Amino acid sequence: MKTKPLVRYNINAQKRSGYFAQILTSDVLEDICFKATGCREFEVVTESESYNKGRLVTIEYNNVLYYVTLSEDKVDGRNSSVQSVPSALNLFYADDRTKKKLCYYFIQYTGNYFTEYHKFIFRLLKTVGVQFLNLPSNCSAIYPYSNINEIMSARRETQGQNKSNNSSYITKFNNRIQIFGKTFGASKYESTLMALAAAKITKGKVDFFNVAENGLVELPKSSQITLSKFANIEQHSATQTLDKKISESLPETASLRNGSYLYNLLSKLGEKKCCMCQCGIPEIIQGAHIWEVSAISKTSMDFKEKFQHVNNSDNGLWLCQNHHKLFDSNIIMLLKNGQLCVRLDVNHYDEEYIKSITSCKRLDVSFLTERTKDYISKRNSSLCKEDYHRIDD
Ligand SMILES: [Zn+2]
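My aim in this report is to walk through the structure given alongside it, one point at a time. Please read all numbers here as calculations on a predicted model, not as lab measurements.

Each helix and strand in the chain was counted, giving 15 helices and 15 strands. When the 393 residues of the chain are sorted by exposure, 53% land in the buried category. Contacts in the chain between residues far apart in sequence, at least 24 positions, make up 71% of those at least 6 positions apart.

Laid out in structure tokens, this is it:
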């Protein structure tokens, strides 16, 4: 039986020849080993053949395997400095042994590891259960998130710095948490990590949407396997779901299952907020098609064209469930200038009710792009304007 911890690492990590051999001096190894296991004496086995992903050092001691992922030595981009983390997570979760621990160790580095974005990633890691063996001098502690709302607001705060179509999003619908991420670049790291953290702190279901640019792209197999280890995460491929959706033509449930569409709406409109009443309770806000899925599916366009219209961020609004029903039932009509109208056959009392819950009688014009106006025209072509009057009349 081994009495000393056994430390293993690859001397050539990250395609840099001899890189780990250089930075993992005996002092550094001793510190890592002591902080993980409490032992200062250890044996070392180095490897040089396989490419060691995840900047990993492993330590075997008392039947426990410690996966220690190391920080970068140079922090430049916000994304490049966290790229190795998911590989470490994947290797950790792929290991079926029960006695294992995932740790993080800051080696000497240059640059700023404590931007808001890095703090967000570190807190997610802490939430997932990663143990930080040491902390940089300018950081007193890293706290886990205690609920989904905290993760959502942290995501919101870090989103502004990187508002590109390559971002990931987290929101809620009904009693489920929804995570949307593109399957490449930084988005896939963030979204995978958010899903794991969400799965840890909620008893409910987490829907994970792989938002592929085209049907050929999906999350790396190793990340899919990691997500599948959590019983409350359900993975969805946005493109396949959409395919099914068009053939079934069920617009009411489209928002639940059509990941790409919601991803695009989050990118264009920002977080969920009903545009007719400003309700921001994500659980009851849906993505509402302007030109209806049922109408699109009945046209003679080919699949690709239908797909684009159903998926288009200009073809959608955030609506609460009440307003979504009123809009879908054509009790409320939207004009191209943003004006809302009510159908004339609605009785006086119901009309008063609709007015009372509709605080925005004319929608903000910021989202009314030319394409959106075009979709409004398409929707309204089957309606008769004479059947309506302005909601503020
Ligand atoms: Zn509303």
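Backbone-to-backbone hydrogen bonds join strands into a sheet, with any given pair of strands oriented parallel or antiparallel. The 3 strands are arranged S13-S14-S15 in an open sheet whose pairing can be described as antiparallel. Each having just a single partner strand, strand S13 (332–334) and strand S15 (388–390) make up the two edges of the open sheet. When strand polarity is set aside, the average angle formed by the axes of neighbouring strands in this sheet is 35°. In terms of strand pairing, S13 meets strand S14 (residues 340–343) through 3 bridges, oriented antiparallel. Across the sheet, Leu 334 pairs through a bridge with Leu 340, a residue of S14.

The next thing to look at is the nonpolar core. Membership of the largest hydrophobic core comes to 47 residues, with the highest contact counts inside it found for Leu 89, Tyr 104, Phe 120, Phe 122, Leu 125, Ile 179 and Ile 233. Elements supplying a minimum of two residues to this core: strand S4 (64–70), helix H3 (84–94), strand S5 (100–105), helix H4 (116–128), helix H5 (148–159), strand S8 (176–182), helix H6 (185–201) and strand S9 (206–211). Each of two domains, domain 1 (6–144) and domain 2 (158–390), supplies a minimum of three residues to this core. Not counting chain neighbours up to four residues away, the residues in contact with Phe 122 comprise Tyr 104, Phe 106, Tyr 113, Phe 114, Phe 132 and Ile 142.

Below, the discussion takes up helix H2 (residues 26–37). Between the first and last C-alpha of H2 there are 16 Å, a value that for 12 residues agrees with the 16 Å anticipated at 1.5 Å per step. Elements in contact with the buried residues of H2: strand S1 (6–10), strand S2 (43–47), strand S3 (56–61), S4 and S5. One or two steps after H2, the chain reaches Gly 38, where phi turns positive at roughly 85°.

Relative to the helices and strands, Asn 10 is located in strand S1. Only 2.7 Å separates the side chain of Asn 10 from the backbone nitrogen of Asn 12, close enough to count as a polar contact.

The protein atoms donating to the zinc ion are Cys 274 (SG), Cys 277 (SG), Cys 320 (SG) and His 323 (ND1), with metal-donor distances spanning 2.1 to 2.3 Å. Metal-centred angles of 98 to 118° between the 4 donor atoms at the zinc ion mark the site as tetrahedral. For the zinc ion, all donor residues lie on one chain, and their spacing in sequence is C-x2-C-x42-C-x2-H. Note that Cys 274 is positioned in the loop between helix H10 (259–269) and strand S11 (285–289) and Cys 320 in strand S12 (residues 316–320), a separation of 46 residues in sequence. Per residue, the accessibility class of Cys 274 equals that of Cys 320, and both read buried.

A few words now on the environment of Leu 65. With respect to the secondary-structure elements, Leu 65 resides in strand S4. Residue Leu 65 is classed as buried on the basis of its relative accessible area of 8%. Separated by 59 residues in the primary sequence, Leu 65 and Leu 6 place their C-alpha atoms 9.5 Å from one another. The contact partners of Leu 65, leaving out residues within four places of it in the chain, are Thr 58, Ile 59, Glu 60, Asp 95, Arg 97, Lys 99, Lys 100 and Lys 101.

Attention now goes to the sheet that holds strand S7 (residues 169–173). On the basis of which strands lie adjacent, the open sheet formed by 4 strands has the order S7-S8-S9-S10 and mixed pairing. In this open sheet, the two strands that pair with only one neighbour each are S7 and strand S10 (233–237). The sheet shows a mean angle of 25° between the axes of neighbouring strands, taken without regard to direction. With 6 bridges connecting them, S8 and S9 associate as parallel partners. Bridge pairing in S9 links Gln 178 to Asp 207. Along the sheet, H6 makes contact with S7, S8, S9 and S10, crossing S8 at roughly 165°.

In total, this model carries 22 salt bridges according to the counting rule given. Residue Glu 72 pairs with Arg 55 through a salt bridge whose shortest N-O separation is 3.5 Å. Separated by 17 residues along the polypeptide, Glu 72 in the loop between S4 and H3 and Arg 55 in the loop between S2 and S3 bring together distant segments of the chain. The salt bridge partner of Glu 351 is Lys 355, with a shortest N-O separation of 3.3 Å. Of this pair, Glu 351 and Lys 355 both sit in helix H14 (residues 348–357), 4 residues apart, roughly one helical turn.

In this section: the packing of aromatic side chains. For the structure on display, the rule yields 21 aromatic pairs. Here the aromatic rings of Phe 106 and Phe 132 are separated by 6.3 Å at their centres, their planes lie at 20°, and the arrangement is stacked. With Phe 106 in the loop between S5 and H4 and Phe 132 in strand S6 (residues 131–132), this residue pair connects regions lying 26 residues apart in the sequence. As far as the burial class goes, Phe 106 and Phe 132 line up, both buried. On the basis of an interplanar angle of 10° and a centroid distance of 4.8 Å, the ring pair of Phe 180 and Phe 209 is categorised as stacked.

A few words on unusual backbone geometry. Located in the positive-phi region is Gln 278, a residue other than glycine, with phi close to 70°. Mapped onto the elements, Gln 278 comes out in the loop between H10 and S11. Judged by its relative accessible area of 40%, Gln 278 falls in the partly exposed class. Unusually for a residue other than glycine, Asn 330 sits at a positive phi of about 60°. Counting through the fold element by element, Asn 330 comes out in the loop between helix H13 (321–328) and S13.

Conventions and cut-offs
Residues numbered from 1 in each chain as written. Predicted model: local features only at pLDDT ≥ 70, side-chain atom pairs only at ≥ 80, totals over all residues. Heavy atoms only, no water. Helix = DSSP H or I, 4+ residues; strand = E, 2+ residues; numbered from the N terminus. Buried < 20%, exposed > 50% of the residue type's maximum accessible area, 1.4 Å probe, protein only. Contact = heavy atoms within 4.5 Å. Pairing = 2+ DSSP bridges. Axes fitted to C-alpha atoms, helices over the stretch in contact; angles between N-to-C directions. Core = buried A, V, L, I, M, F, W, Y, C linked by side-chain atoms within 4.5 Å. Domains from an automatic or database assignment. Expected span 1.5 Å × (residues − 1). Polar contact = N/O pair within 3.5 Å; in protein donor to acceptor, adjacent residues only side chain to side chain. Donors = N, O, S within 2.8 Å, 3.2 Å for Na, K, Ca; no water. Tetrahedral: all angles 85-135°; square planar, octahedral: opposite > 155°, others 65-115°. Salt bridge = Lys/Arg side-chain N within 4 Å of Asp/Glu carboxyl O. Phe/Tyr/Trp six-rings, centres within 6.5 Å; stacked < 30°, edge-to-face > 60°.

No statement about biological role is implied by the geometric values presented.
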